[in-house]
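# Descriptive structure summary
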Amino acid sequence: MLAELKVESTLTDKYQTTMPGVVRKALGLKKRDRISYTILPEGDVLLSRVSDTADDPALGAFLTFLAQDISQNPGHIRGLDAPLRAKLSELVDGVDLDLEAALSPEEE
């Protein structure tokens, strides 16, 4: 499990701040990149880099829910058992996948 790392920055009179280098590096930010703030119900704020692709609002809501649930219930996280891993391997056996390839539009 990764260790938690806390860093601070100070707000100027105009409510501006310099993002610490370790945060920029963790988010993979470059100059002119956009960042997103997600305000969680308990008052915490999730900071993330805005991706270049259009976000799916349903997927975004689900991922936010998932992140909250994992944070609030870390004991619910379990590894996959051997029979399920074997079944998943069987389902994708022989399937070639290029994670870097662009998705092609669906034909109508």
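Residues numbered from 1 in each chain as written. Predicted model: local features only at pLDDT ≥ 70, side-chain atom pairs only at ≥ 80, totals over all residues. Heavy atoms only, no water.

So, on to the overall build of the protein chain. Along its length, the protein chain carries 3 helices and 2 strands. In the protein chain, the order of α-helices and β-strands from amino to carboxyl end is α-β-β-α-α. Counting over 108 residues, the protein chain shows a buried share of 6%. Long-range pairs, those at least 24 residues apart, make up 16% of the contacts in the protein chain between residues at least 6 apart in sequence. Carbon together with sulfur atoms contributes 56% to the accessible area of the protein chain, which is approximately 10,700 Å² in total. (Helix = DSSP H or I, 4+ residues; strand = E, 2+ residues; numbered from the N terminus. Buried < 20%, exposed > 50% of the residue type's maximum accessible area, 1.4 Å probe, protein only. Contact = heavy atoms within 4.5 Å. Areas by Shrake-Rupley, 256 points an atom, 1.4 Å probe, with all protein chains shown as cover.)

Our focus in this paragraph is unusual backbone geometry. For Tyr-15, which is not glycine, the phi torsion reads 60° and is therefore positive. Relative to the elements of secondary structure, Tyr-15 occurs in the segment before helix H1 (21-27). Residue class for Tyr-15 comes out exposed when judged on its relative accessible area of 68%. Of note, Arg-32 is a non-glycine position whose phi angle comes to about 75°, a positive value.

Quick look at the pattern of salt bridges now. Under the counting rule described, the total for this entry stands at 1 salt bridge. Note that Glu-90 is salt-bridged to Lys-87, the shortest N-O span being 3.7 Å. Taken together, the residues span about one helical turn, with Glu-90 and Lys-87 both in helix H3 (residues 82-92) at a distance of 3 residues. (Salt bridge = Lys/Arg side-chain N within 4 Å of Asp/Glu carboxyl O.)

A separate point is the confidence of the model for the protein chain. In this model, the protein chain carries an average pLDDT of 85, and 90% of its residues clear a pLDDT of 70 or more. Here helix H2 (residues 57-72) stands out as the element of the protein chain with the lowest mean pLDDT, 87, in contrast to H3, whose mean of 92 is the highest. (pLDDT = per-residue confidence, 0-100.)

Moving on: the environment of Ala-26. The topology assignment puts Ala-26 in helix H1. Counting along the chain gives 23 residues from Ala-26 to Arg-49, while the straight-line C-alpha distance between them is 9.8 Å.

To continue, consider the pairing of strand S2 (residues 45-49). By the bridge criterion, 5 bridges tie strand S1 (residues 35-39) to S2 in an arrangement that is antiparallel. Bridging across to S2, Thr-38 finds its partner in Leu-46. Hairpin connection, S1 to S2: the antiparallel pair is bridged by 5 residues, and Gly-43 has positive phi, about 100°. (Pairing = 2+ DSSP bridges.)

This part takes up H3. Sitting at the amino-terminal end of H3 is Asp-81, which places a side-chain oxygen 3.0 Å from the backbone nitrogen of Leu-84. Positive backbone phi, at 85°, marks Gly-94, one or two positions downstream of H3. (Polar contact = N/O pair within 3.5 Å; in protein donor to acceptor, adjacent residues only side chain to side chain.)

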